[in-house]
Amino acid sequence: PLTSPRGIQSVFEPIIMFVRDEIARPNIGEKKYERFMPYLLTVFFFIWFNNLLGLMPGAANLTGNIAVTMTLALFTFFITTISGSKDYWRHIFNTPGVPWWLKFPIPIMPVIEFVGVLTKPFSLMVRLFANITAGHIIILSLIALVFIFESVYIGPVSVLFGLFMNFLELLVAFIQAFVFTLLSAIYFGLAVEEHEHHVEEHQKKLEKAPA
């Protein structure tokens with residue numbers, strides 16, 4: 001018989017279902033989302049946990065290292081490239097609805113579309129790195145004000161603002177994991193979709209995705 005989740009399972013099961021129902025299914029599709037779930041869950045929890053660990057005193061700010069975010073972005077890029085359907089590649093190299101003179105003899109649109117494929121992992125890399133690093137820089141700057149002004153009045157204000165930013169970073173840690181996973185799911189959805197009108201729908205979702 002089925003039993004309700006207990007212990008740590010009761011904590012992680014709603015999060016796993018959130019990734020499945022709110023990220024994977026809507027953006028990849030009911031038929032093809034399951035094969036991407038292991039990667040999406042792995043990258044979500046990896047980023048989230050490392051974002052949280054980076055807030056602990058003396059801990060390494062792993063997701064604030066651009067080499068780490070680049071590796072994660074490359075994983076998404078390679079999975080998207082390998083999973084790409086024939087319609088996905090045809091949309092890139094022979095974009096439908098575009099005047100022929102933009103495709104032949106000088107391949108202006110194919111080059112633009114191909115550059116767009118390469119800029120997607122770059123944006124993933126920079127977005128995660130910049131957002132995590134910016135939060136840490138702000139906290140360090142607020143703490144540094146105590147030593148710069150050496151004032152008994154600045155100290156409490158600086159500590160309070162630093163504490164507020166630290167709590168705000170707890171929210172940012174989750175949001176950045178969500179955004180990276182969401183964009184990865186959208187890219188996978190674009191790659192595996194076989195109908196052009198669905199590709200356009202995914203493109204609209206990509207444009208509305210959070211920064």
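About the cut-offs
Residues numbered from 1 in each chain as written. Predicted model: local features only at pLDDT ≥ 70, side-chain atom pairs only at ≥ 80, totals over all residues. Heavy atoms only, no water. Phe/Tyr/Trp six-rings, centres within 6.5 Å; stacked < 30°, edge-to-face > 60°. Helix = DSSP H or I, 4+ residues; strand = E, 2+ residues; numbered from the N terminus. Buried < 20%, exposed > 50% of the residue type's maximum accessible area, 1.4 Å probe, protein only. Bend = angle between axes of the 7 residues up to and from the residue. Lys, Arg positive; Asp, Glu negative; His and termini not counted. Salt bridge = Lys/Arg side-chain N within 4 Å of Asp/Glu carboxyl O. Contact = heavy atoms within 4.5 Å. Patch = residues over 30% accessible without salt bridge, like charges linked within 9 Å, V, L, I, M, F, W, Y side chains within 5 Å. Areas by Shrake-Rupley, 256 points an atom, 1.4 Å probe, with all protein chains shown as cover. Axes fitted to C-alpha atoms, helices over the stretch in contact; angles between N-to-C directions. Parallel < 35°, antiparallel > 145°, perpendicular 65-115°, else oblique. Left-handed = near helix turned anticlockwise from the far one by under 90°. Nonpolar A, V, L, I, M, F, W, Y, C, P; charged D, E, K, R; others polar. Core = buried A, V, L, I, M, F, W, Y, C linked by side-chain atoms within 4.5 Å.

A. Fine view of the packing of aromatic side chains. Going through the model one piece at a time under the given rule, you end up with 15 aromatic pairs. A centroid spacing of 5.8 Å and a plane angle of 40° characterise the contact between Phe 18 and Phe 178, whose relative ring orientation is tilted. Here the residue Phe 18 occupies a position in helix H1 (residues 8–28), and Phe 178 occupies one in helix H6 (residues 154–192), the gap between them amounting to 160 residues. Look at Phe 18 and you get partly exposed, because its relative accessible area is 29%. Taken together, a centroid distance of 5.7 Å and an interplanar angle of 80° make the contact between Trp 48 and Phe 174 edge-to-face. Placement of the pair is Trp 48 in helix H2 (residues 37–53) and Phe 174 in helix H6, with a sequence separation of 126 residues. Take Phe 174: its relative accessible area is 27%, and that puts it in the partly exposed class. Pairwise contacts between aromatic rings join Phe 12, Phe 18, Phe 44, Phe 45, Trp 48, Phe 49, Phe 174 and Phe 178 into one cluster.

B. Focus on the environment of Glu 150. Its location among the elements puts Glu 150 in the loop between helix H5 (108–149) and H6. The exposure class assigned to Glu 150 is exposed, which follows from its relative accessible area of 70%. For the pair Glu 150 and Lys 32, spaced 118 residues apart in the sequence, the C-alpha separation amounts to 59 Å.

C. Representation of the environment of Val 179 within the structure. Within the secondary structure layout, Val 179 lies in helix H6. Under the relative-accessibility criterion, Val 179 is labelled buried at 2%.

D. Quick look at H5. Of all the bends in H5, the greatest, near 25°, is centred on Thr 119, and the proline Pro 121 appears no more than four residues after it. Following H5 by one or two positions, Glu 150 has its phi on the positive side, about 50°.

E. Representation of the side chain of Glu 169 in the model. Position of Glu 169 relative to the elements: it lies in helix H6. Although buried, Glu 169 forms no salt bridge, and the nearest oppositely charged side chain, Arg 127, lies 15 Å from it. Once you skip the residues sitting within four places of it in the chain, Glu 169 turns out to touch Leu 55, Ile 132, Gly 135, His 136 and Ile 139.

F. Local environment of a nonpolar patch on the surface. A cluster of nonpolar side chains, namely Met 70, Leu 74, Phe 78 and Ile 82, defines an oily patch on the protein surface of about 410 Å² accessible area. Within the secondary structure, Leu 74 sits in helix H3 (residues 66–83). Leu 74 sits in the partly exposed class, given a relative accessible area of 34%.

G. Quick look at the packing of H1 against H6. Two elements in contact, H1 and H6, have axes separated by 7 Å at closest approach and are oriented at 30°. Here H1 lies roughly parallel to H6, going by the angle between them. The crossing of H1 and H6 is right-handed. Where H1 approaches H6, its residues Phe 18, Val 19, Ile 23, Asn 27 and Ile 28 are matched on the opposing element by Phe 174, Phe 178, Thr 181, Leu 182, Ala 185, Ile 186, Phe 188, Gly 189 and Val 192. A class-by-class count of the residues in the contact of H1 with H6 yields eleven nonpolar, three polar and no charged.

H. Inspection of the nonpolar core at higher detail. In this structure, Ile 28, Leu 40, Phe 44, Ile 47, Trp 48 and Phe 180 are the most contacted members of the largest nonpolar core, which totals 39 residues. Breaking this core down by element, the ones donating at least two residues are H1, H2, H3, helix H4 (86–93), H5 and H6. At 13 residues, H6 tops the list of elements feeding residues into this core. If we skip the residues at most four places from it in the chain, Trp 48 touches Ile 15, Ala 173, Phe 174 and Ala 177.

I. How the structure looks around the environment of Thr 181. By the secondary structure assignment, Thr 181 is in helix H6. What makes Thr 181 buried here is its relative accessible area of 0%. Setting aside its immediate chain neighbours within four residues, Thr 181 contacts Val 19, Ile 23, Leu 40, Val 43 and Phe 44.

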